[in-house]
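Chain by chain, the residues:
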Protein chains: 2
Amino acid sequence: MIQQQDFGRVTLPAEEGCAERVGALARLMGADAIRNSDGTRLDEETLRLGLKIYSTYFVSRGKNHFAKDHKEERQHIYLLTPRYTAEKETLEIPLMEGFLSEQVSPDYDHSPAVFWEVRDRTEGRVIPPQEWQVQPEQGAVRLSRAEPYHEYTVAFLAWADWDPTQMYNYITNDWQGVEKDIPYDLRQPAAAAFAPAELSGWLEEHPEVDVVRFTTFLYHFTLLFSPRRKEKYVDWFGYGFAVSPEALEAFSAEYGYSLTPEDFVDEGYYNSPFRVPNRAFRDFMSFTERFVCAKARELVAITHQKGREAMMFLGDTWIGAEPYGREFPSIGLDAVVGSVGNGTTLRMLSEIRGVRYTEARFLPYFFPDVFREGGDPVREARECWLSARRAMMVKPVDRIGYGGYPSLAMQFPDFLKYMERVAKEFRKIYNSIYGCRPSAGLRVGIINSWGELRSWQTHMVAHAIPYAKTAPYTGILEALSGLPVEVSFLSLSRIAEEGIPQGVDVLLNAGEAGTAFSGGKEWEDPRLICRIRRFVREGGGLIGIGEPSAYPKNGRYFQLADLLGVEREMGFSLSANKPWHPVCTHHFITEELSGAPNLGEDVSFVYPLSEETEILCQSGESVRLAANRAGRGRGVYLSGLPFSAENTRLLLRALYWAAGKEKEFFRYLSKNPACEAFFYPQKKLFAVLNQTALPQQTVLLDGRGKETVLSLAPEEIYWGCMTE
Amino acid sequence: MIQQQDFGRVTLPAEEGCAERVGALARLMGADAIRNSDGTRLDEETLRLGLKIYSTYFVSRGKNHFAKDHKEERQHIYLLTPRYTAEKETLEIPLMEGFLSEQVSPDYDHSPAVFWEVRDRTEGRVIPPQEWQVQPEQGAVRLSRAEPYHEYTVAFLAWADWDPTQMYNYITNDWQGVEKDIPYDLRQPAAAAFAPAELSGWLEEHPEVDVVRFTTFLYHFTLLFSPRRKEKYVDWFGYGFAVSPEALEAFSAEYGYSLTPEDFVDEGYYNSPFRVPNRAFRDFMSFTERFVCAKARELVAITHQKGREAMMFLGDTWIGAEPYGREFPSIGLDAVVGSVGNGTTLRMLSEIRGVRYTEARFLPYFFPDVFREGGDPVREARECWLSARRAMMVKPVDRIGYGGYPSLAMQFPDFLKYMERVAKEFRKIYNSIYGCRPSAGLRVGIINSWGELRSWQTHMVAHAIPYAKTAPYTGILEALSGLPVEVSFLSLSRIAEEGIPQGVDVLLNAGEAGTAFSGGKEWEDPRLICRIRRFVREGGGLIGIGEPSAYPKNGRYFQLADLLGVEREMGFSLSANKPWHPVCTHHFITEELSGAPNLGEDVSFVYPLSEETEILCQSGESVRLAANRAGRGRGVYLSGLPFSAENTRLLLRALYWAAGKEKEFFRYLSKNPACEAFFYPQKKLFAVLNQTALPQQTVLLDGRGKETVLSLAPEEIYWGCMTE
């Protein structure tokens, strides 16, 4: 089957009563599997198509008959009220202001004096329980000895009454007559007994299902709605729903210290992945991870016992099943499936270890928002496929698929044609390069607070849509996702402890000051600074983007300023003249640029640290791109890197320059940056991708000094044989 | 003399051998005084013109016969070397890298082990003197037990060998055959005895001098040059040259603790006025102030004994003679003179208390850079005068003057005409409003770390030229300098201790995060926050500009976000949806704007804190202007306020709105913002200034509800009588 170009490796969505159309689409795309989803059912005709059957399965919701009988086993979350200003000694703080009462409600059953925390946010002080009373009738907490003009908050334990994804679908699609799914907690005795039994029973009842698509395991990522039923808070990495009185107790028994409500509400930032994680949160993540993975292992074992495959959906209720976590392989899953909108999300999936295969759910979904008169589904499909396929060239997923309603897709013949092409091109790539990676000239280590745990997830936010604040950074992984370089993710704390792993050529630190991606307070550790300083001065490379190593201390803002050759003026050294000097117009890094590169929003007032810093691009009073030598090594600074073909090439050149390997840059190369080349010496194959909608010509350097001129049709992948 | 419109209150520069031309210029402008300056001499013919004579006098330099005999009494300064990275256990740090050896040299005579400090800047640790040795021959310090890959600096005591202003003039004008002035320290015994005796003798020898213009007293502001003889570091407020081993000893005897080299070099920031001053620096300033003022008092007393006037030049060697310091009036000066380029510098001078009169030296100086073929001295004079005269309407200086070479000015007839006009207009203003201030509808308190001590000096940098980083803030004082509102400067620490003075309507906090002007770590003090919160919630107003009250703590970046109605996203709450809502298009504050105001560089990602915040101007994902109600009071946020007539009116409206006094805004008003009105009920006078080069029409509201239409010629000041 691996050798088949026309069939397999594709999953389609089912649609009730549309078996014929589903069948036609399956034949067109060579699909070999079909899946239902939240709200769809597989009918008899569809089952008769002879395709492999996936079925969605919910572990901790969707069983309201159980949940209603065990309301005491509902899930929990810590919520933080807004800040209220005291004007006199008494202050009443309403608990539910800003929250949706259908979704969450205060838990008065577990003693608030034990589980809640009232804080003076002006002083950062905990108010002892004797100084406040809960008023359940008013849904409020009343302070009796408040300090006038201080602000106060209550962090309270709340019940989770409605599964967030179902809530989202329910509200967005205005569902009528559907019950609200109550999420229950497998840490509780009844739920712990119920879930495996329920799965066993369900498997018995559904012999047609080949693949159980877990959606997902125990705890949903943090998604809170406002009283107006609009999104209020969404953190795809949020561990908020994993808390419970029982979890807190088990945690302190295991770790020897107790978590506080503040460890969860985190001054109102709720441990966003942009926060440098503190010890309590790291411990709680790891604690949750072990619990979730153990429970998942049980469920997967049952699935296997019944002769089915177990697939995890990387989304929704995935918290604790970190795909790059230490526990993940122990679950024993067959597969992971996830939504893919670009190269970064593709690599996030395809690099997961501990599963037999990975599957990408591509955009667009066959939904009426895109599949309507005047809609352009081909454009969306093309954007998604072009960005994903270059990542495939480095490490492909094993399967692809789509979602939505096939009947809608069938109305768009151009789209169907494109789908057919995607499926074929995917199979061609997969079958050609299976089991090997393209020749990589460099090893790049992305360094931040998260390290390996959040491989291919840096600066990722809900729904993989960048925020304005993350756009200057998301281009980095997107560029790297389809570059023939080895990428690893290294945590700053591990570098501080153990140093930089052997073989890494260039370290890359990117992000905004204070965040987990730049590193924030981790730069207080002199060991970290010295490890990197030694690495670079002994010949390594460092690339800093945005506010790398930013942490105002000891007279520096960029702690690695000496390596990067630039520092940021924060207002304290305005009186010192800066060693400004002319922009260097000829440099390896900028050689291919036609004009000033688009390096995102300006990071203001970055200045050269010395005359030796090579300023490669400058706007106003700010360096945007610079190259610097430190000892035997090199540093490069960029203000940002939004994704584009030009910036991808710029980054690749910066990496080679920083590594001191400029010559090797020319070993395997497509000279035209619009075409990207990948060489697979193991398979004696190469491929050149025209990533544009125009014909392109490029000169190929084949690793042996030979130049070949190639002409490529729009979007063509040119496959060639490497000659001896 | 006060009533004379044609004569007096004007000082001109002398020019050797040009008495006739000086006389002609004096008659034209009605000048009654003449002055020499650094490098000019008053000749006999000039003395015979019958004008009052000012003469420059240097207290601590310009007497090299003394200085050379007492080289041990030279002044000192603490210098900090660049950071050097250790690669092994030994590290040699050259001391003079980056400094000009003609200007400063290491002081090896006072024990380096006692007076110098070597620091590990990677750890922020002091290295004990046993671990380093001074190598005077190499001009270096050698560390014997350095930690590889740590960075090190040496803070060393240096001799000051060349007076900075003379050095500047000497190098800029390429003087030949002139001796380099060695600055000596009046804290030393010989200099202490020499200076008063020298002044006495000089006064005896110069009976023609009526006014001794001290330029100035003991210590020059910090100005350091690089080995290439270019400006390296300049801080007009810098106390660096006030240090000496003797000062350190006297300080510790008085204060009970010792200052360290780090207290002076301050991580390399040298206590820039943008740094929130710490206790050591505050104490050293006050210590120096008392010493300088005591010495100045002696010199002024001698001057008075000899029947002359004593005038201080606010510049050059003015350190310790803070014009808004507690000690200043005790000096007993007759006058202060200073350079004035705009309204802010005018008010900085005119508001000084403890002198009989103040004098403004206006731009342009009659120097060949402007007074050349193709030069436009009238433009410069006009800009200076127009901005200064609106400040004069609130509080005039008592005299004005010019500098440079009268012979140059005489060659520009248009300029002479303008000069004549300025002199007349100044005298008209002065004589009309002498002794009273315009009716002010508001009291504004500027709040920052410096408070009263640096009245009218916030965000001021060397030469009163704004940096890009200060431009968004310098417009605030410039606007206020000519607005009929009362302005006071309040320090944050005093507010924390004592609260907000009675009668203040609106507080204004403006600056970049972390700086002394925004307040930085002072916002750690809950008392400060609560005082302001109470003030506003009880009905007061607050205006925040740029990054007001910015200090990341307790879940807030803007500590006063609740009052301002806005907060800045620093990357930690990206997951929380912000209460964005449509821009409010009708509001008292923005009523007169024709389009989007120019509010300077964007402060990115400022968002509304609630639906109630009125967004008045927004660019992209950032609020630029907002209005908010908090309790009975109000807050206004502005991202910046570069100076313009439109922004001046905007600020005035924001102030009235914040104070809740919108009605009173219309009491005394020129409706056309290009014309500014000032009412002096005490004198039954009003004046309207057309600040443009075009004719203007405006409607005047006269305080009694009467509207008068006025037509004004370009730049005209219209004087009218207030009727009963």
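Reading the values: rules and limits
By convention here, each chain's residues receive numbers from 1 onward along its written sequence. Chain A is the first chain written and ligand 1 is the first ligand written, with later ones labelled in order. In keeping with the predicted nature of the model, local features appear solely for residues at pLDDT of at least 70, side-chain atom pairs appear and are counted solely at 80 or more, and the whole-chain, interface and lining totals rest on all residues. Values reported for side chains reflect all heavy atoms of the structure, with hydrogen atoms and water molecules removed beforehand. Each reported salt bridge corresponds to a side-chain nitrogen of Lys or Arg within 4 Å of a carboxyl oxygen of Asp or Glu. Each helix corresponds to a stretch of at least 4 residues labelled H or I by DSSP, and each strand to a stretch of at least 2 residues labelled E; elements are numbered beginning at the N terminus. Working definition: with a 1.4 Å probe on protein chains only, accessible area under 20% of the residue-type maximum means buried, over 50% means exposed, and in between means partly exposed. The contact criterion used is simple: two residues touch if any of their non-hydrogen atoms lie within 4.5 Å. By the convention used here, strands pair only if DSSP detects at least 2 bridges between them. Under this scheme, a helix contributes an axis fitted over its contacting stretch, all axes are lines through C-alpha atoms, and angles between N-to-C directions fall in the 0 to 180 degree range. Each helix should span, by expectation, one fewer than its residue count multiplied by 1.5 Å. Residue ranges assigned to the domains are those given by an automatic or database domain assignment. Buried area, as used here, totals the accessible surface that two parts lose on assembly, with accessibility defined by a 1.4 Å probe and the loss added over both. By the criterion applied in these results, polar contacts are pairs of N or O atoms within 3.5 Å in which, for protein atoms, one can donate a hydrogen and the other can accept it, and in which residues neighboring in sequence qualify only through two side-chain atoms. To pair, rings of Phe, Tyr and Trp, with the six-membered ring standing in for Trp, must have centres within 6.5 Å; the planes then decide the type, stacked if under 30 degrees apart, edge-to-face if over 60, and tilted in the middle. The directions considered for the arc are those from the helix axis to the C-beta atoms. Each angle gets one of four labels, with under 35 degrees taken as roughly parallel, over 145 as roughly antiparallel, 65 to 115 as roughly perpendicular, and the rest as oblique. Two helices that cross are described as forming a left-handed crossing if the nearer one is turned anticlockwise from the farther one by less than a right angle, and a right-handed crossing if clockwise. We call Asp, Glu, Lys and Arg charged. Ala, Val, Leu, Ile, Met, Phe, Trp, Tyr, Cys and Pro are nonpolar, and the rest, Gly among them, are polar. The copies were overlaid by least squares, fitting only the C-alpha atoms of residues that reach a pLDDT of 70 or more in each copy.

Asks: So what's going on with the pattern of salt bridges? Residues and values would help.
Replies: A complete count under the given rule lists 111 salt bridges over all chains for this structure. The partner of Asp 562 of chain A in a salt bridge is Arg 533 of chain A, and the shortest N-O contact between them spans 2.8 Å. With Asp 562 of chain A in helix α17 (residues 561-564) and Arg 533 of chain A in helix α16 (residues 526-537), this pair connects stretches of sequence that are 29 residues apart. Each member of the pair, Asp 562 of chain A together with Arg 533 of chain A, is buried. The salt bridge involving Glu 524 of chain B is made with Lys 553 of chain B; its shortest N-O contact spans 3.7 Å. With a gap of 29 residues between them, Glu 524 of chain B in the loop between β22 (506-511) and α16 (526-537) and Lys 553 of chain B in strand β24 (residues 550-553) connect regions that are remote in the sequence.

Asks: An account of the environment of Val 59 of chain B is needed here, citing residue identities and associated values.
Replies: Residue and element names in this part refer to chain B. Note on placement: Val 59 falls in the loop between β3 (52-57) and α3 (64-69). Residue Val 59 is classed as buried on the basis of its relative accessible area of 4%. Leave out the neighbours within four places in its chain, and Val 59 touches Tyr 184, Leu 186, Ala 195, Phe 214, Thr 216, Phe 217, Leu 218 and Leu 299.

Asks: Account for the sheet that holds strand β6 (residues 91-94) of chain A, naming residues and giving values.
Replies: Residues and elements named next belong to chain A. In spatial order, the strands read β6-β11-β10; together these three strands make up an open sheet with antiparallel pairing. The sheet terminates laterally at β6 and β10 (132-135), the two strands that pair on one side only. This sheet shows a mean twist of 20° between the axes of neighbouring strands, independent of strand direction. Taken together, the four bridges between β6 and strand β11 (residues 140-143) define a ladder with antiparallel strand orientation. The residue bridging Pro 94 from the neighbouring strand is Ala 140, located in β11.

Asks: Break down helix α6 (residues 189-205) of chain A for me, citing the residues and quoting the values.
Replies: Residues and elements named next belong to chain A. Counted at 1.5 Å a residue, the expected span for α6 with its 17 residues is 24 Å, and the 25 Å between its end C-alpha atoms agrees. Along α6, the residues that are buried comprise Ala 190, Ala 191, Phe 194, Ala 195, Pro 196, Leu 199, Trp 202 and Leu 203. Packed against the buried residues of α6 are β3 (52-57), α3 (64-69), β13 (211-214) and α9 (279-305).

Asks: If you had to explain the domain arrangement of chain A to someone new, which residues and values would you point to?
Replies: How big an interface is tends to be stated in terms of accessible area lost as the parts join. All names here are of chain A. Partitioning chain A into structural domains gives domain 1 (443-665) and domain 2 (668-721). Interface area, domain 1 with domain 2, both sides summed: about 590 Å², of which 52% is carbon and sulfur. Considering only the side of domain 1, the residues that lose the most area to domain 2 are Gly 482, Arg 649 and Phe 665, jointly responsible for 58% of the buried surface there. Inspection of the domain 1/domain 2 interface yields zero salt bridges. At the junction of domain 1 and domain 2, the tally comes to two residue pairs in polar contact (both at pLDDT 80 or more).

Asks: Quick rundown of unusual backbone geometry? Include the residues and the values.
Replies: Cis peptide bonds are those with omega within 30 degrees of zero, and the linkage from Thr 215 of chain A to Thr 216 of chain A qualifies with -10°. When you line up the elements, Thr 216 of chain A lands in the loop between β13 and β14 (222-225). The backbone of His 459 of chain A sits at a positive phi, close to 60°, despite the residue not being glycine. Relative to the assigned elements, His 459 of chain A resides in the loop between β20 (443-448) and α14 (471-481). The phi angle at Asp 316 of chain B is positive, at roughly 50°, despite the residue not being glycine. Along the chain, the position of Asp 316 of chain B falls in the loop between β16 (309-313) and β17 (335-340).

Asks: Just give me the short version of the packing of aromatic side chains, but keep the residues and values in it.
Replies: Tallying each qualifying case throughout the model produces 94 aromatic pairs over all chains. Each ring, one from Trp 162 of chain A and one from Tyr 170 of chain A, has its centre 4.9 Å from the other, and the planes form 90°; the classification is edge-to-face. Judged by its relative accessible area of 12%, Tyr 170 of chain A falls in the buried class. With a centroid separation of 5.5 Å and 70° between ring planes, the pair formed by Tyr 656 of chain B and Phe 665 of chain B is classed as edge-to-face.

Asks: Run through helix α1 (residues 19-29) of chain B, naming residues and quoting values.
Replies: All names here are of chain B. Along α1, the residues classified as buried are Ala 19, Val 22, Gly 23, Leu 25, Ala 26 and Met 29. Within α1, the buried residues cover an arc of 165° as seen down the axis, which keeps them to one side. For α1, exposure combined with an orientation more than 90 degrees from the buried face picks out Glu 20 and Arg 27. Buried residues belonging to α1 abut β1 (10-13), β2 (33-35), α2 (44-47), α12 (406-409) and α13 (413-433). One or two residues past the end of α1 sits Gly 30, with phi positive at roughly 65°.

Asks: Tell me what's going on with the packing of helix α10 (residues 343-350) of chain A against helix α11 (residues 377-392) of chain A, and back it up with residues and numbers.
Replies: All names here are of chain A. Contact geometry for α10 and α11: axes closest at 8 Å, N-to-C directions at 40°. On the basis of their axis angle, the class for α10 and α11 is oblique. Once α10 is placed against α11, the crossing between them reads as right-handed. Seen from α10, the contacting residues are Gly 343, Leu 346 and Arg 347; seen from α11, they are Ser 387, Ala 388, Ala 391 and Met 392. The residue makeup of the contact of α10 with α11, split by class, is four nonpolar, two polar and one charged.

Asks: An account of the relation of the copies chain A and chain B is needed here, citing residue identities and associated values.
Replies: Mapping chain A onto chain B is achieved by rotating through 180° and translating by 0.0 Å along the same axis, at an RMSD of 0.1 Å. Given the turn and translation reported, the copies of this chain are related as if by a two-fold rotation axis. When the interface residues of chain A are mapped onto chain B, 100% of them again lie at the interface, so the same face is used by both copies.

Asks: Any chance you could break down the environment of Asp 316 of chain B for me, citing the residues and the numbers?
Replies: Residues and elements named next belong to chain B. Since its relative accessible area comes to 16%, Asp 316 is described here as buried. Residues within four places of Asp 316 in sequence aside, it is in contact with Thr 165, Thr 215, Thr 216, Tyr 219, His 220, Phe 221 and Trp 236. Side-chain polar atoms of Asp 316 contact the side chain of Thr 165, separated by 3.4 Å.

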